[in-house]
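Chains, contacts and geometry: an overview
Spelled out, the chains give:
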Amino acid sequence: MPKYSIQVNGKTHEVDVLEDMPLLWVLRDILGMKGTKFGCGRALCGACTVHLNDTAVRSCSIPVSTIGQNKITTIEGLSEKGDHPLQQAWEKFIVPQCGYCQTGQIMNAAALLKRNAKPSEEEIEQAMQGNLCRCGTYNRILQAIQSVSGRTVIG
Amino acid sequence: MKIVPPFQKKSGNVRSEIFMASRRDFLRIGGLAAGGFVLGVSFFSCNEKGKKVASLAPSVYLTIHPDGEVIIVAHRSEMGTGIRTSLPLVVADELGADWSRVRIVQAEGDEKKYGNQNTDGSFSIRMFYLPMRQAGATAKFMLIQAAAQKWNVAAAECDTDNGQVVHKASGKTAAFGDLVEAAGKVAIPPLDQLKLKDPGQFKMIGRATPIIDLHDIVIGKAVFGIDAAVDNMKYAAIKRCPVVGGNVKSYKADKALAVTGVLKVIVIKGGGIPPTIHKPLSGVAVVADNTWAAIKARDLLEVEWDLGPNAGYDSAAHIEELKKEIVKDGTVRRVRGDFGMAKKNAKKVIEHTYIAPYMAHGTIEPPNALAVVKDGNCEIWACTQNPQGARDSVAEALGLTAEHVKVNVTLLGGAFGRKSKPDFIVEAALLAKECGFPVKVQWTREDDIHHDFYHALSVQRIVATIDTNNKLSGWNHHLAYPSIGATFDASVVQPSDGELGQGALDFPYDVPAIKVETHDATSHIRVGWLRSVRNIPQAFAVGTMVDEIAEARKMDPIANSLDLLGADRSITFNSEIPKGAYPNYNEDIAKYPWETGRMKKVIERVAKDAGWGKKLPQGSAMGFAAHKSFLTYVACIVEVKVEGNKISIPNVYYALDCGTAVNMDRIRSQFEGGAQFSTSIALKSEITIKNGRVEQNNFDSYKIIRMPESPKNIHVSIIDSQDKPTGVGEPPVPAFTPALCNAIYAATGKRIYKLPVDLGA
């Protein structure tokens, strides 16, 4: 199997895996970073969202061989103490129900705010439409993002 | 009139009986004992310095350690309702604990110890509110006795607060931890001597308490089934027969075995027909070093199937067949008055057929389970709603007794009824046994969409008659759908009383003639329960027909419903049901009847909240429906905006009466989420089957709503009540769909008779 060197949350990891192994399974099965979730395997639900540099991507559909020197950030690396403004807002609004999709939602929202600090309601909805929540926490997700957007330093 | 029993229930498969009983159909909850048996008042353990220390454990749900830490056992599964927080807070409130010193421990599957653990049917709070209060009050009693003796004061003068016993008169306080040793010597008080708090004394019940897993969830540290791991664990993916009842005929695994990391290919024997819920489907498993290799190799398996008798099954043809059945006379399941006469004398007869599709659960966490089989024992980690059911099923599959099977319950990444079926857990156990090392079975999304226990399709016909006095004089409801019972017993072709009792048998309106009839429908797939179960199609048909009746009577829909409910009264149905046993969600109907007054109250409240009757812009309108389920009264108003064929939902209003409200925030969140869940049902989700195979694959073809199309503002009013607490997980779902359909009619003039709604059709 080929060896890959990937940068995750500021650390370099050497992994020895199949070249088509999606980043999701590298994170979960090889590196033991389980905050990134498996939902669909086809980039349809967003549960596996991580950042590739500053962009939200679906890690279930990115083969490890394509990552190269790009920097990966997962929920474990979003903030040092679990206190990213979005994480705080998620707690303030008690967003999660089952909680399974929420790390993907938070990662997607964090990438949105990096490129657009003050998104409109419509822009938030458009940006978040790739992230499914079966429990139906969309209203509180929207509230939480709105409560953070426009604040000074994001991420 | 000929009244035929719907089906003969066979005594055959004992396991099936257990599951069905613990679901909701057959036994009354009272007979299932709430549990909470005392293990021992106090026990000793060693602290870090090796010193023997006493802890107080007056209930299986509660232990207080000498350092003041309070351990509360969550014995129900957390799938997003907040139950892991809401039941423990009841214990803590009654105890007078300091919530910040409470640690919640998830129970393993052990119903002998904890009582019922099958987390479904929206009954966790209903069944365990009182036992949890008693657990807290028992410990409180003992701690107070210990403190009172120490201080030489009357126990009646003492109280607990914030983790301490307090003697107000003297200002003395003692921390719980300092009292546990003495309290352990106090005799456990009988339940009737316990003094429970007056509602005015509650500090947590009736307020909003954040879920205890909140922080872990947002930092990615919460442990779901998929996250459970043990040393030397391997991963499995399974190619299952695409048709229920089919079997592996032959297979070629050379391509699969060539994938790097693949360890084994193993055939799994299927449960056949009936499929049951505790046996796997026939399939071929690939076990590998990592999930990806297992999935990749699984997709390379070449399997030839013996597809069995369901290979020709076509769901669209089934609906057409049931549409022909439903116009005939059916098996009579409820009778009041003479519907034939009502129809004969009617001034107006309204008749419509209602169609709803198969649906899948689509939990974002697909089924998965981890099993270790070693030295005649099996240990499981799984996202299960029913750990004891899983334990018994695994024991049976492995030929062990349940004492040799341990089931650890993780968080569940959504469940909605899917994860009360242990088929996927049995798969893991069988593979782990065969392999001799720990195996995690991981379902892909395609596996989940193709091999679910589906919400059954349904065809209903309702005939409503209006007499010369403009009164609703007759109601005739025909129903045909494959029963959940058929999943356990292939001879079942008619709905059970439990299924019908979810909005059809319990039609509450004051109508002189009522007749409910059912028709045969055979099952060809695995049918199961999905959040609110048969209430979904039954509330859709009833709720939209009642709106049509309002129109025919030239009445406002709210006024019509209040009028149809009639005088405040308590209904029991039993005299009108041939078998004489309306199931009432396993609650004694004599004690908990259908109370029209409570429903009228929520209807009036929701109308007020929504500003019902106010003028809305062209293309916008409100629709209303009310539906009781799981003992909870719900009225719902949905506001829609329709542009072309595009439906958006700016506002949803709910008013509900769930008796005592335990955790206000989680009740609200269940209703917010319920509106979203029901929007998927009403507008998006449909499973179709051709040649015995499910035609949808993933979230591209099996659709659930996304944020842009989700209802925007969801307003929830909770009626203040001190009655027995009732369900909130499922009750938000049923009323929403008919309210939405009625709003669409009000906005467009188009009545909806088929789900999901397609305005382009």
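As the structure is a prediction and not an experimental result, all values here were calculated from the model.

1. A word on the overall build of chain A
A tally of helices and strands in chain A yields six helices and five strands. For chain A, the α and β elements follow one another from N to C terminus as β-β-α-β-β-β-α-α-α-α-α. A globule of 155 residues ought to have a C-alpha radius of gyration of about 15 Å, and chain A, at 15 Å, matches this closely. Referenced to the eigenvectors of the C-alpha coordinate spread, the extents of chain A come out at roughly 45 × 30 × 25 Å. Across the 155 residues of chain A, 61% fall into the buried class. Considering only residue pairs separated by 6 or more positions, chain A has 61% of its internal contacts joining residues 24 or more positions apart.

2. A look at the overall build of chain B
Broken down by element type, chain B carries 20 helices and 30 strands. Computed over its C-alpha atoms, the radius of gyration of chain B comes to 27 Å, within 12% of the 27 Å expected for a compact globule of 761 residues. Along the longest, intermediate and shortest principal axes, the C-alpha atoms of chain B span 85 × 75 × 50 Å. Evaluated residue by residue, chain B yields a buried proportion of 59% over its 761 residues.

3. Remarks on the domain arrangement of chain B
Residue and element names in this part refer to chain B. We note that the domain assignment places domain 1 (33-216), domain 2 (225-309 + 376-442) and domain 3 (315-360 + 453-748) within chain B. For domain 1 and domain 2, the distance between their C-alpha centroids amounts to 38 Å. Split into classes, the residues belonging to the side of domain 1 that touches domain 2 amount to one nonpolar, seven polar and six charged.

4. Details of the interface of chain B and chain A
Bring the parts together and some accessible area is lost; that lost area is often taken as the interface size. At the junction of the two partners, chain B supplies 47 residues and chain A supplies 45 residues. With seven residues, the single largest contributor to the side of chain B that touches chain A is helix 19 (residues 664-683) of chain B.

5. Some points on the environment of Phe630 of chain B
Residue and element names in this part refer to chain B. Within the secondary structure, Phe630 is located in the loop between strand 25 (620-629) and strand 26 (632-643). The class of Phe630 is buried, set by 25 C-beta atoms lying within 10 Å. In the structure, Phe630 is positioned 60 residues away from Ser570 in sequence and 16 Å away in space, judged by C-alpha atoms. Setting aside residues no more than four positions away along its own chain, Phe630 makes contact with Gly121, Ser122, Tyr585, Thr726, Gly727, Glu730 and Pro731.

6. What to know about the pairing of strand 3 (residues 49-52) of chain A
Residues and elements named next belong to chain A. When strand 3 meets strand 4 (residues 55-58), the two strands line up antiparallel, connected through four bridges. In the strand pairing of strand 4, Thr49 is matched with Arg58. Here strand 3 runs beside strand 5 (residues 71-73); their pairing, made up of two bridges, is antiparallel. Residue Leu52 lies in a different strand from strand 5, and its bridge partner there is Ile72.

7. Side note on the nonpolar core
Counting 286 residues, the largest nonpolar core has Val286, Ile380, Ala428, Ala429 and Cys636 of chain B as the members making the most contacts within it. Here this core gets 14 residues from one element, more than from any other, and that element is helix 4 (residues 124-151) of chain B.

8. Structural notes on helix 11 (residues 387-398) of chain B
Residues and elements named next belong to chain B. Spanning twelve residues, helix 11 covers 16 Å between terminal C-alpha atoms, matching the ideal 16 Å at 1.5 Å per step. Burial within helix 11 is extensive, with ten of its twelve residues counted as buried. Trailing helix 11 by a residue or two, Gly399 shows a phi angle of about 70°, which is positive.

9. With respect to the domain arrangement of chain A
Residue and element names in this part refer to chain A. By the assigned domains, chain A splits into domain 1 (3-78) and domain 2 (85-148). Relative placement of domain 1 and domain 2: their C-alpha centres are 20 Å apart. Of all the secondary-structure elements, those providing two or more residues to the side of domain 1 that touches domain 2 are strand 3, strand 4 and helix 2 (75-78). Among the elements that make up the side of domain 1 that touches domain 2, the one with the highest residue count is strand 3 (three residues). A per-class count over the side of domain 1 that touches domain 2 returns seven nonpolar, seven polar and two charged.

10. A short note on the packing of helix 16 (residues 535-552) of chain B against helix 20 (residues 732-748) of chain B
All names here are of chain B. The contact between helix 16 and helix 20 brings their axes to 8 Å, and the two run at 35°. For the element pair helix 16 and helix 20, the recorded crossing hand is right-handed. Counting all contacts with helix 16, which are made through Asn535, Ile536, Ala539, Phe540, Gly543, Thr544 and Asp547, the residues of helix 20 involved are Val733, Pro734, Ala735, Thr737, Pro738, Ala739, Cys741, Asn742 and Tyr745.

11. Quick look at the sheet that holds strand 6 (residues 158-161) of chain B
All names here are of chain B. Taking strand neighbours across the sheet as the criterion, the three strands line up as 6-7-8 in an open arrangement whose pairing is antiparallel. At either margin of the open sheet sits one strand with a lone partner, and together these are strand 6 and strand 8 (172-175). Mean inter-strand twist for the sheet, computed between neighbouring axes without regard to direction, equals 25°. On top of the sheet, helix 4 reaches strand 6, strand 7 (164-167) and strand 8; it is set at about 125° to strand 6, its chief contact. In the packing of helix 5 (residues 176-183) onto the sheet, the strands contacted are strand 7 and strand 8, and the crossing angle to strand 8 comes to about 80°.

12. Topic: the confidence of the model for chain B
Summarising the model, chain B shows a mean pLDDT of 93, and 93% of its residues fall at 70 or more. Scored as a whole, the predicted complex attains pTM 0.95, and scored at its interfaces, ipTM 0.97.

13. A closer look at the sheet that holds strand 16 (residues 368-374) of chain B
Residue and element names in this part refer to chain B. Pairing is mixed in the open sheet, where seven strands are placed in the order 11-12-9-19-16-17-18. One side of each edge strand has no neighbouring strand; the edge strands of this open sheet are strand 11 (262-268) and strand 18 (405-409). In this sheet, neighbouring strand axes are inclined to one another by 20° on average, regardless of whether the strands run parallel or antiparallel. Lying on the sheet, helix 8 (residues 291-300) is in contact with strand 9 (234-240), strand 11, strand 12 (283-288) and strand 19 (439-442); it crosses strand 9 at an angle near 20°.

14. A look at the environment of Ala490 of chain B
Residue and element names in this part refer to chain B. Among the secondary structure elements, Ala490 is positioned in the loop between helix 14 (485-488) and helix 15 (497-500). What makes Ala490 partly exposed here is the crowd of 16 C-beta atoms within 10 Å. Sequence spacing of Ala490 and Pro557 is 67 residues, and the spatial spacing of their C-alpha atoms is 42 Å. Leave out the neighbours within four places in its chain, and Ala490 touches Ile273 and Pro274.

Parameters at a glance
Residues numbered from 1 in each chain as written. Chains lettered and ligands numbered in written order. Predicted model: local features only at pLDDT ≥ 70, side-chain atom pairs only at ≥ 80, totals over all residues. Helix = DSSP H or I, 4+ residues; strand = E, 2+ residues; numbered from the N terminus. Rg over C-alpha atoms; globule rule 2.2 N^0.38 Å. Buried ≥ 20, exposed ≤ 12 C-beta atoms within 10 Å, placed from the backbone. Contact = placed C-beta atoms within 7 Å. Domains from an automatic or database assignment. Nonpolar A, V, L, I, M, F, W, Y, C, P; charged D, E, K, R; others polar. Pairing = 2+ DSSP bridges. Core = buried A, V, L, I, M, F, W, Y, C linked by C-beta atoms within 7 Å. Expected span 1.5 Å × (residues − 1). Axes fitted to C-alpha atoms, helices over the stretch in contact; angles between N-to-C directions. Left-handed = near helix turned anticlockwise from the far one by under 90°. pLDDT = per-residue confidence, 0-100.

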